[in-house]
Amino acid sequence: MSKERRMIEITPGRMSPGGRMTDRIESRGHSCPYCQGNGYHWQEDEWQERYKQECPICNGSGRLDALITVEWRASDNV
Ligand SMILES: [Zn+2]
């Protein structure tokens, strides 16, 4: 099975006193591990009829987005 690897480079951007000390990184379109990217699971009703049930993790999209917040602070290692 192939696996995608993504890297995040963490480096402080332009900063000013009293400005925000956070960065937000988005990593979109990861394959949902719960439904293997299908967006649904096969289910059977009481007549053994198969039907697709929407994945509750990705809401049927088959994809997940990661929102990463980086919080910068002064180093206490002086
Ligand atoms: Zn899913």
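Since the structure is predicted, the reported quantities are computational estimates derived from the model, not experimental observations.

Participant: Any chance you could break down the overall build of the chain for me, citing the residues and the numbers?
Facilitator: Helix and strand counts for the chain come out as zero helices and four strands. Ordered by position from the N terminus, the helices and strands of the chain form the series β-β-β-β. A compact globule built from 78 residues should have a C-alpha radius of gyration of about 12 Å, whereas the chain, at 20 Å, is more than 25% larger. Dimensions of the chain, computed from the C-alpha atoms along their principal axes, are close to 70 × 30 × 20 Å. Buried positions account for 12% of the 78 residues belonging to the chain.

Participant: Any chance you could break down the environment of L67 for me, citing the residues and the numbers?
Facilitator: Tracing the sequence through the fold places L67 in strand β4 (residues 63–71). The exposure class of L67 is exposed, given its relative accessible area of 51%. Sequence-wise, L67 and C35 are 32 residues apart; in three dimensions their C-alpha atoms are separated by 20 Å. Not counting residues within four places of it along the chain, the set of residues in contact with L67 comprises R24, I25 and E26.

Participant: Tell me about the confidence of the model for the chain, and please be specific about residues and values.
Facilitator: Per-residue pLDDT for the chain has a mean of 92; in total, 97% of the residues score no lower than 70. Highest mean pLDDT in the chain belongs to strand β3 (residues 50–54) (96); lowest belongs to strand β1 (residues 22–31) (94).

Cut-off values and rules
- Residues numbered from 1 in each chain as written.
- Predicted model: local features only at pLDDT ≥ 70, side-chain atom pairs only at ≥ 80, totals over all residues.
- Heavy atoms only, no water.
- Helix = DSSP H or I, 4+ residues; strand = E, 2+ residues; numbered from the N terminus.
- Rg over C-alpha atoms; globule rule 2.2 N^0.38 Å.
- Buried < 20%, exposed > 50% of the residue type's maximum accessible area, 1.4 Å probe, protein only.
- Contact = heavy atoms within 4.5 Å.
- pLDDT = per-residue confidence, 0-100.

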